[in-house]
Amino acid sequence: MTVTKREIIASIAILAVIYTAGALIFSSISRSKEDEYQEYNKAVRIQRAEQLQYAIDTDTGNVWAYGELKAVDPVTHEAVEGDFASITEVTEELRIETYTTTDSKGRAHVHTRTRWIEVDRETWHCEKQTFDGLEFDYGTIPFPEDERLCEVQKPLSDIRKIYYGSPKESEGTLYASAGSGTLSGAKYYEGWSIEETIEKLESGTWKIIYWILWTATAAIIVLAFVYAENKWLED
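Residues numbered from 1 in each chain as written. Predicted model: local features only at pLDDT ≥ 70, side-chain atom pairs only at ≥ 80, totals over all residues. Heavy atoms only, no water.

Focus on the packing of helix H1 (residues 5-42) against helix H4 (residues 205-227)
Two elements in contact, H1 and H4, have axes whose closest approach is 10 Å; the angle formed by their N-to-C orientations is 160°. Our classification of the angle between H1 and H4 gives roughly antiparallel. Pair H1 / H4 crosses with right-handed handedness. (Axes fitted to C-alpha atoms, helices over the stretch in contact; angles between N-to-C directions. Helix = DSSP H or I, 4+ residues; strand = E, 2+ residues; numbered from the N terminus. Parallel < 35°, antiparallel > 145°, perpendicular 65-115°, else oblique. Left-handed = near helix turned anticlockwise from the far one by under 90°.)

The following block contains the structure:
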């Protein structure tokens, strides 16, 4: 493959446009992040359950609190050991699929493969939860992400059931808006103190990830352009 001078110039122009657009988007995201950081630092830090209840009663707004999140009435299932804040049963079916590929000479080849496909999902969860002893409806504060518990499959069956569960108890940091008699927009960070949570949320890691992804995208676009037939540049 020969890269012409005009293709090099065009590639530089494409990169300039891509990085200009990237800088504008980056600037917009940065301003949004700065607003978030200001909200984090202005939020009231709660030390005791009584203070959290007071914040709710007085429409305090954004608050930070560290405490224990519990399911009041944890759920169970015959297929799983123990009780959890929620249990999800995912039913999958083993299916045979066909797909076609084309070789370098343009000839089509048909292949088969087996894949597990989700066909049903059912979830059971507690009705009430507490944070530092204060009771809320389930879902007011998100429990930690589900963990895979077990898999059940009868011999020679093409159906299997996978069970996931969220722990009934955990400690962590809560960030939410307190008011109107409850909490809203709650986020829960398991195992992190308030200080650790703020530090991690305000870290600049997203900037590095953003520019790595943007640079990779730019490289793919330019390489696709160079490998394409650009006869129009020869006119």
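Concerning empty space enclosed by the protein
Scanning the model with the defined rule gives one cavity of 30 Å³ or more in all. For the largest cavity, the calculated volume is near 40 Å³. Lining the largest cavity, in full, are Ile46, Gln47, Arg48, Ala49, Leu52, Ala65, Tyr66, Phe131 and Asp132. Mapped by element, the contributors of at least two residues to the lining of the largest cavity are helix H2 (49-57) and strand E2 (61-71). Residue composition of the lining of the largest cavity, by class: six nonpolar, one polar and two charged. (1 Å grid on protein atoms, 1.4 Å probe; cavity = no way out; pocket = protein on both sides within 12 Å on 5 of 7 lines; lining within 4 Å. Points joined across faces, edges and corners; volume = space filled by probe spheres on them. Nonpolar A, V, L, I, M, F, W, Y, C, P; charged D, E, K, R; others polar.)

What to know about the pattern of salt bridges
Two side chains of opposite charge can pair, provided their charged atoms sit close to one another. Enumeration over the complete set of coordinates arrives at 14 salt bridges. A salt bridge links lysine 168 to aspartate 83; the nearest nitrogen and oxygen atoms lie 3.0 Å apart. Of this pair, lysine 168 sits in the loop between strand E8 (159-166) and strand E9 (169-179) while aspartate 83 sits in the loop between E2 and strand E3 (86-102), placing them 85 residues apart in sequence. A salt bridge links glutamate 89 to lysine 161, with the shortest nitrogen-to-oxygen separation between them at 3.9 Å. Of this pair, glutamate 89 sits in strand E3 while lysine 161 sits in strand E8; the two residues are 72 residues apart in sequence, bridging distant segments of the chain. Residue class for glutamate 89 comes out buried when judged on its relative accessible area of 9%. One continuous salt-bridge network, built from bridges that share partners, spans Glu92, Arg148, Glu151 and Arg160. (Salt bridge = Lys/Arg side-chain N within 4 Å of Asp/Glu carboxyl O. Buried < 20%, exposed > 50% of the residue type's maximum accessible area, 1.4 Å probe, protein only.)

By themselves, these observations are geometric and do not establish any function.
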